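One letter stands for each residue in the lines below.
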Amino acid sequence: MNRWRDTTMGELMKVEHGFAFKGEFFSESGELVVLTPGNFHEAGGFRARPDKDRFYLGKFPDRYLLNQSDLIVAMTEQGEGLLGSSALIPEAGKYLHNQRIGLVHPKKDSADKTFLYYLFNTVYVRQQIRNSSAGAKIRHTSPARIYRTKVRVPEKVCQSKIAAVLSAYDELIENNRRRITLLEKLAEEIYREWFVRLRFPGHEKVKIVKGIPAGWELVKLELAFKFTGGGTPSKEVGRYWNDGDINWFTPSDITRADGIFLEKSGDQCTEEGFNNSSAKMFPAYSVMLTSRATIGAIGINLTPACTNQGFITCIPNERYPLPYLYYWVKLAKPHFELLAVGATFAELTKGTFKRIEILTPPEPIVAEFTRIEAPLLKAIENLLRANQKLKETRDKLLPRLISGKLSVEDLDIQFPPGMAEEVEGA
């Protein structure tokens, strides 16, 4: 019979603060990324941010260069729900941890590192870390506060079994993410080949006239497809939001999303709230484009939805079907950014947007492109849906496994190579 015991996080590990990297050596490009709490998912796990990551060009002590599978924990809030979130480093020799992140060193005889990763990401542990944190505006914790967190854990061999079960789900999720990345690159490359490099089928027989193929047009957006803005039901009226079921997207929903398709928004408003606002409903499979502050982030809604004021949502039609419209909007981001104006924050106005011209190929070419691209987008959508189901199952298993309510004692588990070596050396 495996024994569980009441203990504290301090009995299982040590936490090492990161380095105070000097601001003058930060850069927008480079090889070494300085991690921040923003590199954590709210529910736990590592999050790359290619558009926001900052690089470091100065000197630093070697111990702050992280290795693959190192366990780190967010010591500062930097966004609701991030405090205490943990992650495993996906790649060696690329990431640095600063003073707002702790590097976790498990005590070899007491704790399995992957088990600790999942333990950190339970509601029970995260709530204790937040409750013991300090700071009026920005909450932060410390190694000493984390050490006092109360937990109940089994023997190390059982910890490894629990970690292996949960890791199997995360491995499937990661494999699907890699497949999604490959599909997205393929789909975008086809668009670039046909409509940027202009090597579309039959291009050898078509003359280029004033920079575009003969028979193609530049059409102003106001004449090409419908687009709409957004609005916000009053946050002061509780019944506009309590038990709402209308998806109402904000820019943060787009920037935090795991993929291009979005099934559910962070907040949902009620029908009464929607009717008493300037928000506009648009159909599923529209292209939501952020148009304020963050310009050019895009997502595709999977249900009829509305947005706040920070969007211009483009609605596909037969002439500009979703695959063509989506990639045109995506690749037009630099142009949108140039056209954005504003003293307080940059904004791409609908008045400016409607005067932009979209390259419009003949219908047969667009139809052939859609025939090729539509299955790729559907495959991406299906993989994202599958990942959502896997996450839901993993998240339901997590508290039951970590608490011992669901026993793994009698399971014959095949450990991954890295975990097998750790278990055998325990």
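1. Some words on the overall build of the protein
- Scanning the protein from N- to C-terminus turns up twelve helices and 22 strands.
- Each principal axis of the C-alpha atoms in the protein carries an extent, and together these give about 75 × 55 × 50 Å.
- Going through the 426 residues of the protein one by one, you find that 49% of them count as buried.
- By element, 51% of the accessible surface of the protein is carried by carbon and sulfur atoms, the whole surface being about 21900 Å².

2. Some details on the packing of helix α4 (residues 156–196) against helix α11 (residues 363–403)
- Packing of α4 against α11 leaves a shortest axis separation of 9 Å and a crossing angle of 165°. Our classification of the angle between α4 and α11 gives roughly antiparallel. Note on packing geometry: the crossing formed by α4 with α11 is left-handed.
- Counted by class, the contact of α4 with α11 contains 28 nonpolar, three polar and eight charged residues.

3. Focus on the sheet that holds strand β9 (residues 101–106)
- Spatially, four strands are ordered β2-β9-β6-β7 in an open sheet, and the strand pairing comes out antiparallel. Strand pairing shows two members of the sheet lacking a second neighbour, β2 (13–17) and β7 (86–88), which therefore form its edges. Adjacent strand axes in the sheet meet at a mean angle of 30° when their direction is disregarded.
- Of the strand pairs in this sheet, strand β6 (residues 71–74) and β7 are connected by three bridges, and their pairing is antiparallel.

4. Some words on the packing of aromatic side chains
- Considering all chains together, one arrives at 28 aromatic pairs under this definition.
- Ring geometry for phenylalanine 26 versus tyrosine 56: centroids 5.6 Å apart, planes at 75°, classification edge-to-face. Here the residue phenylalanine 26 occupies a position in strand β3 (residues 26–27), and tyrosine 56 occupies one in strand β5 (residues 54–56), the gap between them amounting to 30 residues.
- Considering the side-chain rings of tyrosine 191 and tyrosine 324, the 5.7 Å spacing of their centres and the 50° angle between planes classify their relative orientation as tilted. Here tyrosine 191 is found in helix α4, whereas its partner tyrosine 324 is found in helix α8 (residues 322–331), with 133 residues between them in sequence. Side by side, tyrosine 191 and tyrosine 324 carry an identical accessibility label, which is buried.

5. Re the confidence of the model for the protein
- In this model, the protein carries a mean pLDDT of 91, and residues with pLDDT of at least 70 account for 95%.
- By mean pLDDT, helix α12 (residues 417–424) is the weakest element of the protein at 50, and α8 is the strongest at 98.

6. Thoughts on the side chain of glutamate 381
- Here glutamate 381 shows up in helix α11.
- Overall, the relative accessible area of 3% leaves glutamate 381 in the buried class.
- A polar contact is formed between the side chain of glutamate 381 and the side chain of tyrosine 285, at a distance of 2.8 Å.
- Filtering out sequence-adjacent residues up to four positions away, glutamate 381 remains in contact with Phe261, Tyr285 and Leu302.

7. Looking at the pattern of salt bridges
- Under the criterion given, the structure shown has 23 salt bridges.
- A salt bridge links lysine 235 to aspartate 267; its shortest N-O distance comes to 3.5 Å. Of this pair, lysine 235 sits in the loop between β14 (226–228) and β15 (246–249) while aspartate 267 sits in strand β17 (residues 267–269), and the two are 32 residues apart along the sequence.
- Taking relative accessible area as the criterion, lysine 235 reaches 48% and is therefore assigned partly exposed.
- Of the charged contacts, one joins glutamate 381 and lysine 378 as a salt bridge, the two residues approaching to 3.1 Å between their closest N and O atoms. Residue glutamate 381 and its partner lysine 378 are located together in helix α11, separated by three residues, close to a single helical turn.
- Assessed through its relative accessible area of 38%, lysine 378 is described here as partly exposed.

Each value, and the rule that gives it
Residues numbered from 1 in each chain as written. Predicted model: local features only at pLDDT ≥ 70, side-chain atom pairs only at ≥ 80, totals over all residues. Heavy atoms only, no water. Helix = DSSP H or I, 4+ residues; strand = E, 2+ residues; numbered from the N terminus. Buried < 20%, exposed > 50% of the residue type's maximum accessible area, 1.4 Å probe, protein only. Areas by Shrake-Rupley, 256 points an atom, 1.4 Å probe, with all protein chains shown as cover. Axes fitted to C-alpha atoms, helices over the stretch in contact; angles between N-to-C directions. Parallel < 35°, antiparallel > 145°, perpendicular 65-115°, else oblique. Left-handed = near helix turned anticlockwise from the far one by under 90°. Nonpolar A, V, L, I, M, F, W, Y, C, P; charged D, E, K, R; others polar. Pairing = 2+ DSSP bridges. Phe/Tyr/Trp six-rings, centres within 6.5 Å; stacked < 30°, edge-to-face > 60°. pLDDT = per-residue confidence, 0-100. Polar contact = N/O pair within 3.5 Å; in protein donor to acceptor, adjacent residues only side chain to side chain. Contact = heavy atoms within 4.5 Å. Salt bridge = Lys/Arg side-chain N within 4 Å of Asp/Glu carboxyl O.

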